[in-house]
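# Results of the structural survey
Listed below are the residues making up each chain.
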Amino acid sequence: MLRKSIWLNEVKREEEQSLKEDIEVDVLIIGGGITGVSCAYQLKNSPLKICLVERNRIGLGVTSKTTGKLNYLQETIYSKIEDNYSYEEAALYLKSQRHAIKLVKDIVQKEKIDCNFEKVTSYVFTEKEQEVQTLLKEKSILSSLGQKVEVSNEIPFPLKSVYAIHVSDTAVFHPLKYVYALVDIIKEKVSIYENTEIYKIKKDKSFYVCKTKNNQIRAKYVILACHYPFFLFPYFMPIRTYPEKSYIAANKIEDYQKNTLITSNTPTKSVRYYKNKDNYLIYLSNSHPSCNNIDSIHNFAQVVGEVKELGQSISYLWSNEDLITFDHLPLIGKIKENLFLATGYNTWGMTNATIASYMIKNAILGKETEYDALFNPLRKNGKTKVIAYTGNMFKNMKGYVENKVKVDKPWYPSTLTFKTIHGKKIAIYEDDKKHMVYTKCPHMGCELTFNEIEKTWDCPCHASRFDIDGNCIKGPSLYNITYKEKEADE
């Protein structure tokens with residue numbers, strides 16, 4: 001069993017150079033996932049000089065860990081949007097998701113991209129009788145919007161279902177093959193730098209000065225296409241979003257089906273199939289706010305157990321973290337003059353990243369889209385925001401305190417020990433060598449938790465992630481946690 005995403009084992013590409021000099025561009029895109037690369041693709045034929053920077057490697061963040069669905073049947077999202085805002089907003093969100101699927105399809109066809117793009121039937125089902133009315137409402141909204149929705153009590157998968165709805169015009173694809181193909185297309189017109197971290201942005205007249213460790217980029221427009229935009233005023237993201245973690249397995253199967261499935265009730269269970277040389281089932285389960293249920297051994301064991309109950313053996317095992325907004329809508333658009341944000345996709349990153357690239361391209365070129373107000377990052381939140389925010393802050397604080405009190409968790413392996421050196425907590429993990437790290441996240445001081453399955457240190461507060469040696473592989477943290485004896489002595 002490989003403890004990484006199936007997509008990471010399928011494709012590889014040569015590393016791009018890092019930034020080694022000061023430059024000036026019209027548009028700087030910060031983040032090399034599907035959002036940033038799609039923005040670069042959308043703008044490539046404009047007269048603007050464009051640069052894209054990625055703190056690690058292109059596509060290896062959240063994009064590489066997604067299930068790769070292009071779906072507008074997203075649990076019971078339309079009922080939630082109608083309850084929180086209005087029927088009109090729900091209708092517009094549906095239009096945006098269908099628009100995004102068409103954009104990807106058109107790009108794949110135009111550019112002849114081999115990314116396993118395939119039309120599928122998608123199901124939303126519930127295992128609980130009390131959830132049936134919610135699904136009935138979801139069907140009613142979709143039907144009233146002219147969407148053909150079928151009903152069935154059974155689903156084409158061995159999970160309990162008391163009621164299900166399905167549509168036949170959604171899609172799946174290989175997210176990394178798609179992103180890497182876009183990179184190859186844009187390289188002639190877009191400057192791309194990997195292993196280039198922006199740690200500070202400041203305004204200088206009509207330009208933004210974006211600083212790396214050794215250089216700076218002056219840009220008229222800046223697109224924050226990173227998962228958690230740490231450049232924003234400190235409390236902007238925590239009061240609008242929270243990270244959610246999920247656990248995913250992929251296993252070889254004999255029979256391939258052109259279906260995707262997802263539960264309307266929690267905990268979420270999600271299914272899709274993938275066909276390359278072999279057929280695979282990709283199964284997601286046990287989603288939860290990152291600040292809760294921090295026992296990674298238990299959480300991975302749960303998804304492994306569910307897959308084994310299906311009679312399957314696991315080939316790949318990994319986790320992912322999504323940024324969830326309290327009002328169920330992504331944050332896409334202008335937040336300051338010539339500064340744009342795209343994040344908070346609520347687990348539906350493939351469609352929302354695509355529509356974000358379309359919206360931001362138009363905004364930079366001086367055009368409006370019909371989705372601008374709906375996704376405006378500075379919008380006033382709907383009816384449920386205050387309740388959701390208060391509940392989330394309580395859970396975050398509870399998790400924060402519990403994690404601080406119990407640094408050495410009962411499920412940690414015997415190969416992991418802790419000590420205090422010069423007043424700072426140090427963790428030591430030993431395999432064929434000794435790995436020493438500080439246990440506090442540099443972002444906002446949360447106590448990190450050890451993920452033994454993937455051999456990472458994870459922040460339960462804001463989803464920063466560090467490898468076994470303390471190197472930061474995912475923000476919002478800007479710094480590593482590697483223990484250095486010289487620094488400790490100072």
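Residues numbered from 1 in each chain as written. Predicted model: local features only at pLDDT ≥ 70, side-chain atom pairs only at ≥ 80, totals over all residues. Heavy atoms only, no water.

## Digging into the pairing of strand S15 (residues 316-325)
Regular strands have side chains that alternate between both faces of the sheet. Counting buried residues along S15, 10 of its 10 residues qualify, which places the element largely inside the surrounding structure. Residues Tyr-316, Trp-318, Asn-320, Asp-322 and Ile-324 of S15 are buried on one face, and the alternating residues Leu-317, Ser-319, Glu-321, Leu-323 and Thr-325, pointing to the opposite face, are buried as well. In terms of strand pairing, strand S11 (residues 241-253) meets S15 through 10 bridges, oriented antiparallel. In the sheet register, Ala-250 faces S15, and the bridge partner there is Tyr-316. (Buried < 20%, exposed > 50% of the residue type's maximum accessible area, 1.4 Å probe, protein only. Helix = DSSP H or I, 4+ residues; strand = E, 2+ residues; numbered from the N terminus. Pairing = 2+ DSSP bridges.)

## Focus: the state of the cysteines
In this structure the tally under the stated criterion is one disulfide. Note on cysteine connectivity: Cys-446 is disulfide-linked to Cys-461, with sulfurs 2.2 Å apart. Classification of the bridge connecting Cys-446 and Cys-461 rests on its S-S torsion, roughly -105°, and on that basis the disulfide is left-handed. Of this pair, Cys-446 sits in the loop between strand S20 (434-438) and strand S21 (449-451) while Cys-461 sits in the loop between strand S22 (456-458) and strand S23 (465-467), and the two are 15 residues apart along the sequence. What makes Cys-446 buried here is its relative accessible area of 4%. Not part of a disulfide, Cys-51 finds its nearest cysteine sulfur in Cys-210, a span of 9.4 Å. (Disulfide = S-S within 2.5 Å.)

## Some details on the sheet that holds strand S19 (residues 424-430)
Adjacent strands of a sheet pair through backbone hydrogen bonds, lying either parallel or antiparallel. One open sheet holds the three strands; their spatial order is S18-S19-S20, and the pairing between them is antiparallel. Looking along the sheet, the strands with just one partner apiece sit at the ends: strand S18 (416-421) and S20. Strand-to-strand twist of the sheet, defined as the mean angle between neighbouring strand axes without regard to direction, takes the value 25°. In this structure, S18 lies alongside S19, joined through six bridges in antiparallel fashion. (Axes fitted to C-alpha atoms, helices over the stretch in contact; angles between N-to-C directions.)

## Considering the packing of helix H1 (residues 34-43) against helix H5 (residues 175-186)
Packing of H1 against H5 brings their axes to within 9 Å, and their N-to-C directions diverge by 35°. The two elements H1 and H5 cross, and the hand of that crossing is left-handed. Residue-level inspection shows Ile-34, Val-37, Ser-38, Ala-40 and Tyr-41 of H1 in contact with H5, the latter providing Tyr-178, Val-179, Leu-182, Val-183, Ile-185 and Ile-186. Looking at the contact of H1 with H5 residue by residue, the classes come out as 10 nonpolar, one polar and no charged. (Left-handed = near helix turned anticlockwise from the far one by under 90°. Contact = heavy atoms within 4.5 Å. Nonpolar A, V, L, I, M, F, W, Y, C, P; charged D, E, K, R; others polar.)

## Examining the nonpolar core
One finds Ile-6, Ile-29, Tyr-78, Tyr-178, Ile-223 and Phe-375 to be the most contacted residues of the largest nonpolar core, which totals 82 residues. With 10 residues, helix H3 (residues 87-111) is the single largest residue contributor to this core. (Core = buried A, V, L, I, M, F, W, Y, C linked by side-chain atoms within 4.5 Å.)

## A short note on the sheet that holds S21
Spatial ordering of the open sheet is given by S21-S22-S23-S24, a layout of four strands whose pairing is antiparallel. Two strands in the sheet have a free side with no partner beyond their single neighbour: S21 and strand S24 (472-474). Each strand of the sheet is rotated relative to its neighbour by a mean of 35°, with strand direction disregarded. Sheet topology note: the S23/S24 ladder contains two bridges and is antiparallel.

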